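A look at the structure
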Amino acid sequence: MNNEFNLLLTQAQIEQVLSQVKAAFPFFTDWEYNNEKDAEYFGFSVWGKLVTNPEELMSRRFFITFDKSHENKWQGCLTIGQHSYLWSSADMGDAHLLDTEPTETLEEAIVALKANMLELFRSFSVV
């Protein structure tokens, strides 16, 4: 991925993005994407879901979302409840847990989000 991409992606670019995020987060499933600019998205956005206890009716759902910002940069986030979009809100049953700073490439956003996740989970460690 490079900075030449617009906010909307071609089908070949979408396939490349899906391949990258699935490889980076193999335990996340049900990957979906939006490739339209509208009231909820600046343009391209992709998200995958991790269900912690699928047998439970009210199991927790974590989401990884990557999108192209209005500045044509990639940003990643970890949420609970639903994937991230412009009107996500803790009042609606979801919450942002982590965000990355905007990056030039998807690869940089993936690395940054994984580093932020590692730092968060390390903070729960007692050692």
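Residues numbered from 1 in each chain as written. Predicted model: local features only at pLDDT ≥ 70, side-chain atom pairs only at ≥ 80, totals over all residues. Heavy atoms only, no water.

Turning to the overall build of the protein, a few remarks are in order. Counting secondary structure elements, the protein contains two helices and five strands. Looking at the protein as shown, the accessible area adds up to about 7700 Å², and 55% of this sits on carbon and sulfur atoms. (Helix = DSSP H or I, 4+ residues; strand = E, 2+ residues; numbered from the N terminus. Areas by Shrake-Rupley, 256 points an atom, 1.4 Å probe, with all protein chains shown as cover.)

Counted by the stated rule, this structure contains two salt bridges. The partner of Asp 30 in a salt bridge is Lys 49, with the nearest N and O atoms 3.4 Å apart. Taken as a pair, Asp 30 in strand S1 (residues 29–35) and Lys 49 in strand S2 (residues 44–51) lie far apart in primary sequence, 19 residues in all. Between Lys 73 and Glu 104 there is a salt bridge whose closest N-O contact spans 2.5 Å. (Salt bridge = Lys/Arg side-chain N within 4 Å of Asp/Glu carboxyl O.)

Time to look at the sheet that holds strand S5 (residues 95–99). Strand order in this open sheet of five strands is S1-S2-S3-S4-S5, and the pairing throughout is antiparallel. Every other strand in the sheet has two partners, leaving S1 and S5 as the edge strands with one partner each. Ignoring strand direction, the axes of neighbouring strands in this sheet form an average angle of 20°. For strand S4 (residues 74–80) and S5, the ladder comprises four bridges, and the chain directions are antiparallel. (Pairing = 2+ DSSP bridges. Axes fitted to C-alpha atoms, helices over the stretch in contact; angles between N-to-C directions.)

We now examine the pairing of S4. With five of seven residues buried, S4 is to be regarded as a mostly interior element. Sheet analysis places strand S3 (residues 61–68) next to S4, joined by seven bridges and oriented antiparallel. When the sheet's bridge partners are listed, Asp 67 is paired in S4 with Gln 75. (Buried < 20%, exposed > 50% of the residue type's maximum accessible area, 1.4 Å probe, protein only.)

Turning next to the confidence of the model for the protein. Do not read the fine detail of predicted coordinates wherever pLDDT is low. Chain-level statistics for the protein give a pLDDT mean of 86 and a share of 86% at 70 or above. Confidence, expressed as mean pLDDT per element, reaches its minimum in the protein at S5 with 86 and its maximum at helix H1 (residues 11–24) with 97. Low pLDDT, under 50, characterises residues 1–5; the stretch is placed with 14 contacts to residues that sit more than four places away or in other chains. (pLDDT = per-residue confidence, 0-100. Contact = heavy atoms within 4.5 Å.)

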